[in-house]
Amino acid sequence: MAGLLQALVGASEKAGAIARLCRAEEPLFQLLVAEKTGTDKNRRFLQDFKTLADVLIQEVIKHDLGKEFPELQGHIHGEESNEFKNRQGDTVAVRVCDTPGDTAALLLSVLEPEREAAELLAAAVHRDVTLGDTELAGVGLSIPPKDLAIWIDPIDSTNEYIRGREDVAPIDGIAPAGLCSALVLVGAYDRRTGCPVLGIINEPFYRRDPLTRRWQGRYHWGVAYGDTRLSSLSPPPPRPTPCVVLSRVEGGPVRAALGPLCGDHLRFAAGAGYKMLCVILGLADAYVLSEGSTFAWDACAPHAILRALGGGAVALAGALQARRAGDTGPPPELVYNQPVEGAVGAKRWANQGGLVAYVHPQHLEAVLAAL
């Protein structure tokens, strides 16, 4: 598993580089955007977009991991269809070819006449990634990759990625919106139990270099398998008055219920992955969502890191139902191997009934009591 962990981190770093490259030239970027329709669309948004960056990143991660770990082939899942429409309206199935030249030719069929852009992207797709992370290299674990499956969110918060705002001022470290909330999420879960065991969150747009003005990224990882809890981060200290981060469209009843608990410490942000990252980093103590508008690919990677830090992500509706029934046991955690019965398209993998992400159990209990 140590080799798999390094491979997942390496894949996320390559993904971050592709995300930055696709945003580097605005005229080019405008060629890359397509609207999702039908069952692939997130019902929360009037328009739901994917970009070539999303599709290409997903296919790169599938290709690289499947090549290095053949036992994972067929068990690497992502948010996006790999089909993309070009300017002529033709559908192109995006994939990684055997050579940079072949991949460039395929991408050119989407980007025509931007040959240089297609070649740059193909070079990024086929570039080897070297990690100079000694801590990561020293991780030693034993779990067969054949027991695992992968969820990829190639660019979480795609709408913020498309808008590309860099001028959003954070409030107590939490950005309400903006490019910083666009993340690459790669999570592994146990095929049998659906429990998340390994997660990587990559922040492609963490900061700009003050000299070159180029974006620099960073990544975080966590492992929670059996009794093993390892992470690149340490658990954040708890606040006496919890800070809770919500979606900007969260309903009034939830806001009203949490108000007495949090006082003036309710915060709002875009992107499910980013809000869970805020909890992981200690910028917030919990992320609450009352709707089933997040999906397995949004939550798997951050959930694994939260578990590594001693927390988790519970199914909100199930947890509240258990409390009302007098069940004092641990509330039900999200799992990632069970499609929603009778649903189609993206809805098959919705986290129905909402969620609560947390690090410290006392904050989870306080939130559930308030709700």
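Rules and cut-offs
- Residues numbered from 1 in each chain as written.
- Predicted model: local features only at pLDDT ≥ 70, side-chain atom pairs only at ≥ 80, totals over all residues.
- Heavy atoms only, no water.
- UniProt positions renumbered as here; feature names shortened; annotations may be inferred.
- Helix = DSSP H or I, 4+ residues; strand = E, 2+ residues; numbered from the N terminus.
- Contact = heavy atoms within 4.5 Å.
- Expected span 1.5 Å × (residues − 1).
- Bend = angle between axes of the 7 residues up to and from the residue.
- Buried < 20%, exposed > 50% of the residue type's maximum accessible area, 1.4 Å probe, protein only.
- Pairing = 2+ DSSP bridges.
- Axes fitted to C-alpha atoms, helices over the stretch in contact; angles between N-to-C directions.
- 1 Å grid on protein atoms, 1.4 Å probe; cavity = no way out; pocket = protein on both sides within 12 Å on 5 of 7 lines; lining within 4 Å.
- Points joined across faces, edges and corners; volume = space filled by probe spheres on them.
- Nonpolar A, V, L, I, M, F, W, Y, C, P; charged D, E, K, R; others polar.
- Polar contact = N/O pair within 3.5 Å; in protein donor to acceptor, adjacent residues only side chain to side chain.
- Core = buried A, V, L, I, M, F, W, Y, C linked by side-chain atoms within 4.5 Å.

As annotated in an unreviewed UniProt entry, the protein chain carries the name inositol-1,4-bisphosphate 1-phosphatase and is attributed to Caloenas nicobarica. Under the UniProt heading Sequence similarities (unreviewed entry), the entry covering the protein chain gives this text: "Belongs to the inositol monophosphatase superfamily."

Draft legend 1. Geometry of the UniProt feature "binding site: Mg(2+)" (unreviewed entry) in the protein chain. This chain's UniProt record puts "binding site: Mg(2+)" (unreviewed entry) on Glu 79, Asp 153, Ile 155, Asp 156 and Asp 298. A maximum C-alpha distance of 9.6 Å places the annotated residues, which cover 220 residues in sequence, within one compact spot. Inspection of the secondary structure puts Ile 155 in strand β6 (residues 148-156). Among residues more than four places away in sequence, those in contact with Ile 155 are Ala 19, Thr 51, Ala 53, Asp 54, Ile 57, Tyr 161, Ala 182 and Leu 183.

Draft legend 2. Here's a closer look at helix α10 (residues 296-308). Here α10 spans 18 Å end to end across 13 residues, near enough to the 18 Å set by a 1.5 Å rise per residue. The axis of α10 is deflected most strongly, by about 25°, at Pro 302. Counting buried residues along α10, 13 of its 13 residues qualify, which places the element largely inside the surrounding structure. Of the residues one or two after α10, Gly 310 is the one with positive phi, at around 100°.

Draft legend 3. Fine view of the sheet that holds strand β12 (residues 266-269). Here five strands make up an open sheet; going across it, the order is β12-β11-β13-β15-β14 and the pairing mixed. Here the strands that pair on one side only, and so sit at the sheet edges, are β12 and β14 (312-315). The average angle at which neighbouring strand axes cross in this sheet is 25°, direction not considered. The pairing of strand β11 (residues 244-247) with strand β13 (residues 286-289) spans three bridges and is parallel. Residue Val 245 lies in a different strand from β13, and its bridge partner there is Tyr 287. Relative to β11, helix α8 (residues 252-262) is tilted by about 165°, and along the sheet it contacts β11, β12 and β13. Packing against the sheet, helix α12 (residues 361-370) makes contact with β11, β13, β14 and β15 (355-358), and its axis sits at approximately 150° to β15.

Draft legend 4. View of the layout of surface pockets. Approximately 530 Å³ is the volume attributed to the second largest pocket. The set of elements that each furnish at least two residues to the lining of the second largest pocket consists of α1 (2-23), α3 (52-68), α5 (115-126) and α6 (134-137). Per-element accounting of the lining of the second largest pocket gives the leading share, six residues, to α1. Here the residues of the lining of the second largest pocket are counted per class, giving 10 nonpolar, five polar and eight charged.

Draft legend 5. Examining the side chain of Glu 203 more closely. Tracing the chain through its elements places Glu 203 in strand β8 (residues 196-208). Take Glu 203: its relative accessible area is 5%, and that puts it in the buried class. One polar contact links Glu 203 to His 220, side chain to side chain, over a distance of 2.8 Å. Those residues in contact with Glu 203 that sit more than four places away from it in its chain are Leu 183, Gln 216, Gly 217, Arg 218, His 220 and Leu 277.

Draft legend 6. The nonpolar core, seen in detail. Counting 56 residues, the largest nonpolar core has Leu 5, Ile 18 and Tyr 161 as the members making the most contacts within it. For this core, the secondary structure elements donating two or more residues are α1, α3, α4 (100-111), α5, β6, β7 (183-190), β8 and β9 (215-225). Residue contributions to this core peak at 10 residues, all from α1. Residues Ala 175, Ile 201, Cys 243 and Ala 284 belong to the second largest nonpolar core, which totals 40 residues.

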